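Residue-level structural notes
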Amino acid sequence: MQTTYTEATSIIEYIIQHGQRHHFDAHHYIYHTGDLCNHIYVIVEGKVITHRVMEDGKEFNTKLLGRHSIFGSTTLFCGRKTHSLSARVKEAAVVFSIPKVQFEEAILNDEVLKYEWLLWVQNENEKNEYQIRDVYTLGKTGAFYSILIKLANTYGIQDGNNILINVDLTNHELANFCNVTRESVNRMLSNLKKEKIVSINHKKITIHDLDYLKRAINCENCPLSICRIE
């Protein structure tokens, strides 16, 4: 299940070749909501969670970014802007950054980068649309099942009919991805374990019946480039 998508290969290579290398420890913030947007980032190692804090103080996770994920100041040619999300390191990460103005100039002068960037932006917009739909139309259980499917598509390791989600996730983190309480996630996971749909070992979830989750939410079998959590 775990697949690396290469639609933005030239962009990733450009940022790595021309950018600055950074190492961030777990739990470190790369940027906070309200910080000035002035760099674009690519992850080489580790994982980063992007999230926003809602008006009621509740944290809502938007993405779990892994290797070769692009994030940061991704709204180009819009002048001075600030981040609407925060980026927190989940697992110690190696990240390359490039100033937004330098990247904008490269996009203007390189047709390959420009084409890849348009494809990447379109793909991100589709992922965001599906995420909003899932959270607000599928209900608590459906939204949680959708997150499990996306995790399987992004970080899953297939072993026969079983899929190991190869990342440690707490129930609190899972809850923040689907806008529910930790208690709700505890209950839903308990029910899935009783039905032998999933099992958990050292914070890693193994899905034994992915089709069950898909049927429960009337999954449309979207392309894997869309049905992902990064």
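The chain has the name HTH-type transcriptional regulator ArcR in an unreviewed UniProt entry, where Mammaliicoccus sciuri is given as its organism.

Below, the discussion takes up the pairing of strand E9 (residues 198-201). As judged from the 4 bridges shared by E9 and strand E10 (residues 204-207), these two strands associate in the antiparallel manner. Within the sheet, the bridge partner assigned to Ile200 lies in E10 and is Ile205. Counted between consecutive antiparallel strands, the loop separating E9 from E10 contains 2 residues, among which His202 sits at a positive phi close to 55°.

Mapped onto the secondary structure, Lys47 falls in strand E3 (residues 39-53). For Lys47, a relative accessible area of 12% puts it in the buried group. For the pair Lys47 and Ser146, spaced 99 residues apart in sequence, the C-alpha separation works out to 20 Å. Ignoring anything within four residues of it in the chain, the contact list for Lys47 reads Leu64, Leu65, Gly66, Val89, Lys90, Glu91, Ala93, Tyr155 and Val167.

Along the chain, the position of Thr154 falls in helix H4 (residues 139-155). Linking Thr154 and Asn61, residues 93 residues apart in sequence, is a C-alpha distance of 16 Å. Of the polar contacts made by the side chain of Thr154, one reaches the backbone nitrogen of Ile229; its length is 3.0 Å.

The subject of this paragraph is the confidence of the model for the chain. On average, residues of the chain score 92 in pLDDT, and 97% of them reach the 70 mark or higher. Ranking the elements of the chain by mean pLDDT puts helix H3 (residues 111-137) last with 90 and strand E1 (residues 20-24) first with 98. Low confidence marks residues 1-6, where pLDDT is under 50. Its contacts with residues over four positions away, or in another chain, come to 16 contacts.

This brings us to the environment of Asp209. Mapping Asp209 onto the fold places it in the loop between E10 and helix H7 (210-216). Taking relative accessible area as the criterion, Asp209 reaches 27% and is therefore assigned partly exposed. When the C-alpha positions of Asp209 and Phe60 are compared, they lie 27 Å apart, and in sequence the two are 149 residues distant. Beyond its immediate sequence surroundings of up to four residues, Asp209 is in contact with Ile197 and Arg215. At 3.1 Å, the side chain of Asp209 forms a polar contact with the backbone nitrogen of Tyr212.

When the UniProt feature table is mapped onto this chain numbering, "domain: Cyclic nucleotide-binding" (unreviewed entry) sits at residues 23-107. With 9% helix and 52% strand, residues 23-107 has its two end C-alpha atoms placed 26 Å apart.

This paragraph deals with the UniProt feature "domain: HTH crp-type" (unreviewed entry) in the chain. Under the UniProt annotation, the feature "domain: HTH crp-type" (unreviewed entry) is placed at residues 138-211. Spanning residues 138-211, this segment combines 54% helix with 22% strand, and its end C-alpha atoms are found 17 Å apart.

Before going further, it helps to spend a moment on the packing of helix H2 (residues 100-109) against H3. Closest axis-to-axis distance for the H2/H3 pair is 5 Å, and the angle between their directions is 105°. Classed by the angle they form, the pair H2 and H3 counts as roughly perpendicular. Where H2 abuts H3, its residues Phe103, Ala106, Ile107, Leu108 and Asn109 lie against Glu111, Leu113, Lys114 and Trp117. Of the residues in the contact of H2 with H3, the class split is 6 nonpolar, 1 polar and 2 charged.

Thresholds applied
Residues numbered from 1 in each chain as written. Predicted model: local features only at pLDDT ≥ 70, side-chain atom pairs only at ≥ 80, totals over all residues. Heavy atoms only, no water. Pairing = 2+ DSSP bridges. Helix = DSSP H or I, 4+ residues; strand = E, 2+ residues; numbered from the N terminus. Buried < 20%, exposed > 50% of the residue type's maximum accessible area, 1.4 Å probe, protein only. Contact = heavy atoms within 4.5 Å. Polar contact = N/O pair within 3.5 Å; in protein donor to acceptor, adjacent residues only side chain to side chain. pLDDT = per-residue confidence, 0-100. UniProt positions renumbered as here; feature names shortened; annotations may be inferred. Axes fitted to C-alpha atoms, helices over the stretch in contact; angles between N-to-C directions. Parallel < 35°, antiparallel > 145°, perpendicular 65-115°, else oblique. Nonpolar A, V, L, I, M, F, W, Y, C, P; charged D, E, K, R; others polar.

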